[in-house]
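# Observations on the model geometry
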Amino acid sequence: MERNIEKSLIGTLGIEMKEVGEGKVIATMPVDERTRQPYGLLHGGASVALAESVASFGGMMLVDSTKQAVVGLEINANHVRGVRSGVVTAEGNIIHRGKTTMVWDVKIRDEEDHLICISRCTLAVIDLPKSK
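As the structure is a prediction and not an experimental result, all values here were calculated from the model. Along each chain, the written sequence defines residue order, and numbers are assigned to residues from 1. Restriction of local features to residues with pLDDT of at least 70 applies here, the model being predicted, together with a cutoff of 80 or more for giving and counting side-chain atom pairs; totals for whole chains, interfaces and linings are based on all residues. Side-chain measures were taken over the full set of non-hydrogen atoms in the model, leaving aside hydrogen atoms and water.

### Thoughts on the sheet that holds strand S5 (residues 101-109)
In spatial order, the strands read S1-S2-S4-S5-S6-S3; together these six strands make up an open sheet with antiparallel pairing. Pairing within the sheet leaves two strands with one partner each, and these edge strands are strand S1 (16-21) and strand S3 (68-79). Going from strand to strand, the sheet's axes swing by 20 degrees on average, the running direction of each strand aside. When DSSP finds two or more bridges between a pair of strands, those strands are recorded as paired. Here a helix means four or more residues in a row that DSSP labels H or I, a strand means two or more in a row labelled E, and each is numbered from the N terminus. When S1 meets strand S2 (residues 24-31), the two strands line up antiparallel, connected through five bridges. In the strand pairing of S2, Glu16 is matched with Thr28. Simply put, an axis is a line fit to the C-alpha atoms, just over the touching stretch for a helix, and the angle between two N-to-C directions goes from 0 to 180 degrees.

This is the structure in structure tokens:
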């Protein structure tokens, strides 16, 4: 299955995966007209999209992509500080890796390393349909 990230929400929001390791992902996202709410602050939904993208990308790296996929099952986020411009960086780390679920902790920080958002994302590990 070919994944075209540039034509997905990831590309639309300008999210870039910077580091991908076993159970850890770091990504950035600009705070600009695509990701701000009408009051000029980073939109909480954009932060949640960044957090789920980081967790999902990390989860994909931990399954056999010929047999399984990961999908978001639940996500929560606490927005603890506003940001109006620049770039935010999300670091996701796996907390739980089970046969059917994964839980990721994602922290989003601004360019001054201030915590902007903390999120926990649960992924479901699903089996792909078998080819005929």
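### Topic: the environment of Arg84
Structurally, Arg84 is set in the loop between S3 and strand S4 (86-97). For the pair Arg84 and Gly98, spaced 14 residues apart in sequence, the C-alpha to C-alpha distance is 38 Å. By the convention used here, residues are in contact when the closest approach between their heavy atoms is within 4.5 Å. Among all residues touching Arg84, those that are not within four sequence positions of it are Val31, Arg36, Tyr39, Gly40 and Leu41. At 2.9 Å, the side chain of Arg84 and the backbone oxygen of Tyr39 are in polar contact. Distance and chemistry together define a polar contact, namely a pair of N or O atoms within 3.5 Å, with one atom able to donate a hydrogen and the other to accept it when in protein, and with adjacent residues in sequence counting only for side-chain atoms on both sides.

### What about the side chain of Thr122?
With respect to the helices and strands, Thr122 occurs in strand S6 (residues 115-127). Dropping the residues within four chain positions of it, Thr122 is found in contact with Val71, Gly72, Leu73, Glu74, Thr101, Met102 and Val103.

### A few points about the pattern of salt bridges
It is possible for side chains of opposite charge to pair when their charged atoms get near one another. Should a side-chain nitrogen of Lys or Arg be within 4 Å of a carboxyl oxygen of Asp or Glu, the pair is scored as a salt bridge. Counted according to the given criterion, the structure contains six salt bridges. Here Arg34 ties to Asp32 by a salt bridge, and the two come within 2.7 Å at their closest N and O atoms.

### What to know about the nonpolar core
Of all hydrophobic cores here, the largest spans 20 residues; its most connected members are Ile15, Met29, Leu42, Leu50, Val54, Val88 and Ile108. Every element with two or more residues in this core is listed here: S2, helix H2 (44-60), S4, S5 and S6. Looking at this core, the element that brings in the most residues is H2, giving five residues. Excluding residues within four positions of it along the chain, Met29 makes contact with Leu13, Gly14, Ile15, Thr35, Leu42, Ala46, Ser47, Leu50, Gly86, Val87 and Val88. Counting residues in hydrophobic clusters, the runner-up holds nine residues, among them Val63, Val70, Met102 and Val125. Nine residue types can take part in a nonpolar core, namely buried Ala, Val, Leu, Ile, Met, Phe, Trp, Tyr and Cys, and a core is a set of them joined through side-chain atoms within 4.5 Å. Burial here depends on accessible area, computed with a 1.4 Å probe over protein chains only, as a share of the maximum for the residue type. Under 20% is buried, over 50% is exposed, and the range in between is partly exposed.

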